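Read off the chains here:
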Amino acid sequence: MKIDVITIFPAYFEALELSLLGKARDRGLLDVCVRDLRDFAHDRHRTVDDTPAGGGAGMVEPWGEALDEVLAEGAPEGSRAPLIVFPSPAGEVFTQRMARELAEEPHLIFGCGRYEGIDQRVFDEYADRGRVRIVSLGDYVLNGGEVAVLAMVEAIGRLIPGVVGNPESLVEESHEEDGLLEYPSYTKPATWRGRDVPSVLLSGNHAAIAAWRREQSLERTRRIRPDLLPGDEGDAGDAESVA
Ligand code: ADE
């Protein structure tokens, strides 16, 4: 998968050199290219966040030129047109379902706005020319899109085949499979500071363990996120639709 990011703070994305995504990049599973929006500014102060004092191209032009440059590089061989994602608290909420959808895309372009956001005409221009999604990390306000894009790239990147060593570990997580929160996990030792691992987990009885985990998932979801429960128990109607 190819991922382009346009931002005025490229340093945020140094985190993508670490851990599983860093390894995935080294192994060629993920190609991340981060561009500084200020390189597309027209004035000597490299202004991109507002109308430059004394007039000038403002913030629309740098966005247009940065996006045009990325688009002009073309899609990875044989793949469909890229999807442009603009993080914004005014967008559709990012979910595990959306992460799965976006993990199927061969080329994602993220445009990180700051402060007052991005001029509406930028969204309109690229929606007319291709595919655009405006996506929120959640119902709160960040200073800009960078942290949201980092979270999205991590959630999407780990779903690319080969990025996470054991694909089975992806299936039993919160929001996967049944759309419920994951059951509590325990490791070794069996007793720590007087707290025991639940005895069923040490029983070797796989059916009993599966039943216990299911019950724990349901109990946890009922208590913390009842909106995720299917049918009568939650508001969602279909757990998948909100997972
Ligand atoms: N930019 C500012 N707040 C944001 C949010 N909640 N999600 C995505 N981008 C943002």
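For the structure itself, consult the block above.
These numbers were taken from a predicted model, which means no experiment stands behind them.

1. A short note on the packing of helix α2 (residues 60–72) against helix α4 (residues 120–129)
Contact geometry of α2 with α4 gives a least axis separation of 10 Å together with a crossing angle of 25°. What the angle tells us is that α2 and α4 run roughly parallel. Handedness of the α2/α4 crossing: right-handed. For the pair formed by α2 and α4, the contact residues are Val60, Trp63, Gly64, Leu67, Asp68 and Leu71 on the first element and Arg121, Val122, Tyr126 and Arg129 on the second. Of the residues assigned to the contact of α2 with α4, the class counts are six nonpolar, one polar and three charged.

2. A look at a nonpolar patch on the surface
A grouping of Phe9, Tyr12, Tyr140, Leu142 and Val147 is seen on the molecular surface, where their side chains present a nonpolar patch of about 410 Å² in accessible area. Summarising the element assignment, tyrosine 140 is placed in the loop between β5 (131–136) and α5 (146–157). The exposure class of tyrosine 140 is partly exposed, given its relative accessible area of 43%.

3. Description of the site of the ligand
Surrounding the ligand, one finds Pro87, Ser88, Pro89, Val135, Ser136, Leu137, Gly138, Tyr140, Val141, Leu142, Gly144 and Ala148. Here a nitrogen atom of the ligand and a backbone polar atom of leucine 142 are 2.9 Å apart. In the complex, 96% of the free accessible area of the ligand, which totals 260 Å², lies under the protein chains. It is strand β3 (residues 83–93) that contributes the most residues to the shell around the ligand, three residues altogether.

4. Examining the pairing of β3
Judged from the three bridges that link them, β3 and strand β4 (residues 107–111) form a sheet pairing that is parallel. Across the sheet, residue valine 85 finds its bridge partner in β4, namely phenylalanine 110. Judged from the seven bridges that link them, β3 and β5 form a sheet pairing that is parallel. What sits directly across from proline 87, in β5, is valine 135.

5. Here we look at the sheet that holds β4
Here five strands make up an open sheet; going across it, the order is β2-β1-β4-β3-β5 and the pairing parallel. Either end of the sheet is taken by a strand with one partner, and the two such strands are β2 (31–36) and β5. Across the sheet, the axes of successive neighbouring strands diverge by a mean angle of 30°, strand direction being ignored.

6. Considerations on α5
In a regular helix each residue adds 1.5 Å, so 12 residues correspond to 16 Å; α5 covers 16 Å between its end C-alpha atoms and thus fits that length. Counting buried residues in α5 gives nine out of 12 residues, a clear majority hidden from the surface. Along α5, the residues that are buried comprise Glu146, Ala148, Val149, Leu150, Met152, Val153, Ala155, Ile156 and Gly157.

7. Some thoughts on the nonpolar core
Core analysis: the biggest nonpolar cluster contains 32 residues, and Ile3, Phe94, Phe110 and Ile156 have the highest contact counts within it. Listed by contribution, the elements that provide at least two residues to this core are β1 (2–7), α1 (19–26), β3, α3 (96–102), β4 and α5. Among the elements that line this core, the one with the most residues is α5, at seven residues. Once residues within four sequence positions are removed from consideration, isoleucine 156 is found in contact with Met1, Phe94, Ala99, Leu102, Ala103, Leu108 and Phe110. Within the second largest apolar cluster, 18 residues are counted, among which are Ala41, Ala66, Ile118 and Tyr126.

How each quantity is defined
Residues numbered from 1 in each chain as written. Predicted model: local features only at pLDDT ≥ 70, side-chain atom pairs only at ≥ 80, totals over all residues. Heavy atoms only, no water. Axes fitted to C-alpha atoms, helices over the stretch in contact; angles between N-to-C directions. Helix = DSSP H or I, 4+ residues; strand = E, 2+ residues; numbered from the N terminus. Parallel < 35°, antiparallel > 145°, perpendicular 65-115°, else oblique. Left-handed = near helix turned anticlockwise from the far one by under 90°. Contact = heavy atoms within 4.5 Å. Nonpolar A, V, L, I, M, F, W, Y, C, P; charged D, E, K, R; others polar. Patch = residues over 30% accessible without salt bridge, like charges linked within 9 Å, V, L, I, M, F, W, Y side chains within 5 Å. Areas by Shrake-Rupley, 256 points an atom, 1.4 Å probe, with all protein chains shown as cover. Salt bridge = Lys/Arg side-chain N within 4 Å of Asp/Glu carboxyl O. Buried < 20%, exposed > 50% of the residue type's maximum accessible area, 1.4 Å probe, protein only. Near = heavy atom within 4 Å. Polar contact = N/O pair within 3.5 Å; in protein donor to acceptor, adjacent residues only side chain to side chain. Pairing = 2+ DSSP bridges. Expected span 1.5 Å × (residues − 1). Core = buried A, V, L, I, M, F, W, Y, C linked by side-chain atoms within 4.5 Å.

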